[in-house]
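Chain by chain, the residues run as shown.
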Amino acid sequence: MLTACDPAFWDGSVDISDVFNGGAHDPPDSDDPPGPPGTGGTGGAGGGGGGDAGPLSTAVAMTRARREALLQAYYDQIENETGNVASTAAAGGQPDQDPNDLMLHISDIGESCDIYPRSLPCGEHWQLRFVLPIAYQQVGVYDLDDFALHASVFETGAPYSPAPDDCPMGGGTLFGSGTLEILAIDSAEVRFRVTTTAALMGGNPSGEYTAPRCP
């Protein structure tokens, strides 16, 4: 059993694709691809993807295969808009990653089945990410310290100035003990409860959620 670690915080934009592929993320460097502008959220803040976010829900559930396809589209957009070839390593996954893993995405400002990564603006907002391997896609209670869940968080603080991405922001392993309880799961949606002691800049994310499955 692994113990969750405190998320790291830094100022400025960050490519959140690494944060939510499991494990903590170091502050970005000059090699990190820029977040393209788009209507899916504040361009740059949280390294969000561009394009139309479509219908939003507090939580969504998508397969790893779909998320990797969205991530590839994100990098393709960067290349089309800037002419720079962005690394696609994150979109390729790892040999031990099952494309049928279910990814639970939660946010206080809404999640989309059409964009990943989704930008997170300044203003004390948060996103949570969980991985449900095949064996966990059933009713049950799972410890957030279970590495298989890859429980992670990205959050932003209050803005320092009117600039859209001028605020503290950071991400990594979800800090604090707790559980993820799958209450019901079928081909249409996943209903679950998050219980955590984590104190995020935007408040405590504990609560019950219903995540429609992305097509």
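Residues numbered from 1 in each chain as written. Predicted model: local features only at pLDDT ≥ 70, side-chain atom pairs only at ≥ 80, totals over all residues. Heavy atoms only, no water.

Draft legend 1. Summary view of the overall build of the protein chain. Counting its regular elements, the protein chain contains 2 helices and 10 strands. Starting at the N terminus and ending at the C terminus, the protein chain contains elements arranged as β-β-α-α-β-β-β-β-β-β-β-β. Buried residues in the protein chain amount to 47% of all 215 residues. Sequence-distant contacts in the protein chain: of pairs separated by 6 or more residues, those separated by 24 or more amount to 66%. About 9300 Å² of surface is accessible on the protein chain, with carbon and sulfur atoms providing 52% of the total. (Helix = DSSP H or I, 4+ residues; strand = E, 2+ residues; numbered from the N terminus. Buried < 20%, exposed > 50% of the residue type's maximum accessible area, 1.4 Å probe, protein only. Contact = heavy atoms within 4.5 Å. Areas by Shrake-Rupley, 256 points an atom, 1.4 Å probe, with all protein chains shown as cover.)

Draft legend 2. How the structure looks around the packing of aromatic side chains. Across all of its chains, the model carries 3 aromatic pairs by this definition. Arranged with centres 5.6 Å apart and planes meeting at 25°, the rings of Phe192 and Tyr209 form a pair that is stacked. Here Phe192 is found in strand S9 (residues 189-196), whereas its partner Tyr209 is found in strand S10 (residues 207-212), with 17 residues between them in sequence. Of the two residues, Phe192 and Tyr209, neither departs from the other in class, the shared state being buried. (Phe/Tyr/Trp six-rings, centres within 6.5 Å; stacked < 30°, edge-to-face > 60°.)

Draft legend 3. Seen up close, the state of the cysteines. A complete count under the given rule lists 2 disulfides for this structure. Here Cys113 engages in a disulfide with Cys214; their sulfurs sit 2.0 Å apart. Residues Cys113 and Cys214 are joined by a disulfide whose S-S torsion is about -80°; by sign, that bridge is left-handed. Placement of the pair is Cys113 in the loop between strand S3 (102-111) and strand S4 (126-132) and Cys214 in the segment after S10, with a sequence separation of 101 residues. Each member of the pair Cys113 and Cys214 is classed as buried. (Disulfide = S-S within 2.5 Å.)

Draft legend 4. Expanded view of the environment of Gln97. Assignment of secondary structure puts Gln97 in the loop between helix H2 (89-92) and S3. A C-alpha to C-alpha distance of 9.7 Å links Gln97 and Ala65, two positions 32 residues apart in sequence. A distance of 3.4 Å separates a polar atom in the side chain of Gln97 from a polar atom in the side chain of Arg64. (Polar contact = N/O pair within 3.5 Å; in protein donor to acceptor, adjacent residues only side chain to side chain.)

Draft legend 5. Main features of unusual backbone geometry. In this structure, the amide linkage connecting Tyr116 to the following residue, Pro117, adopts the cis form with an omega of -5°. Turning to its location among the elements, Pro117 is positioned in the loop between S3 and S4. Its identity is not glycine, yet Glu124 carries a phi of approximately 65°, on the positive side. For Glu124, a relative accessible area of 39% puts it in the partly exposed group. You will see that His150, though not glycine, has its phi angle at about 45°, which is positive. Given the relative accessible area of 21%, His150 is considered partly exposed.

Draft legend 6. Region of the structure containing the nonpolar core. Core analysis: the biggest nonpolar cluster contains 25 residues, and Ile106, Phe130, Leu180 and Phe192 have the highest contact counts within it. No other element matches S4, which puts 4 residues into this core. Those residues in contact with Phe192, other than ones at most four positions away along the chain, are Ala59, Leu104, Ile106, Leu180, Glu181, Ile182, Leu183, Gly207, Glu208, Tyr209 and Ala211. (Core = buried A, V, L, I, M, F, W, Y, C linked by side-chain atoms within 4.5 Å.)

Draft legend 7. Structural context of the pairing of strand S8 (residues 178-185). In this sheet, S8 lies alongside strand S5 (residues 140-143) in antiparallel orientation, the contact comprising 4 bridges. By the bridge assignment for S8, Val141 is matched with Glu181. By the bridge criterion, 7 bridges tie S8 to S9 in an arrangement that is antiparallel. Counted as the bridge partner of Gly178 is Thr196 from S9. Hairpin connection from S8 to S9: 3 residues lie between these consecutive antiparallel strands. (Pairing = 2+ DSSP bridges.)

Don't take any of this as a statement about function, it's just geometry.
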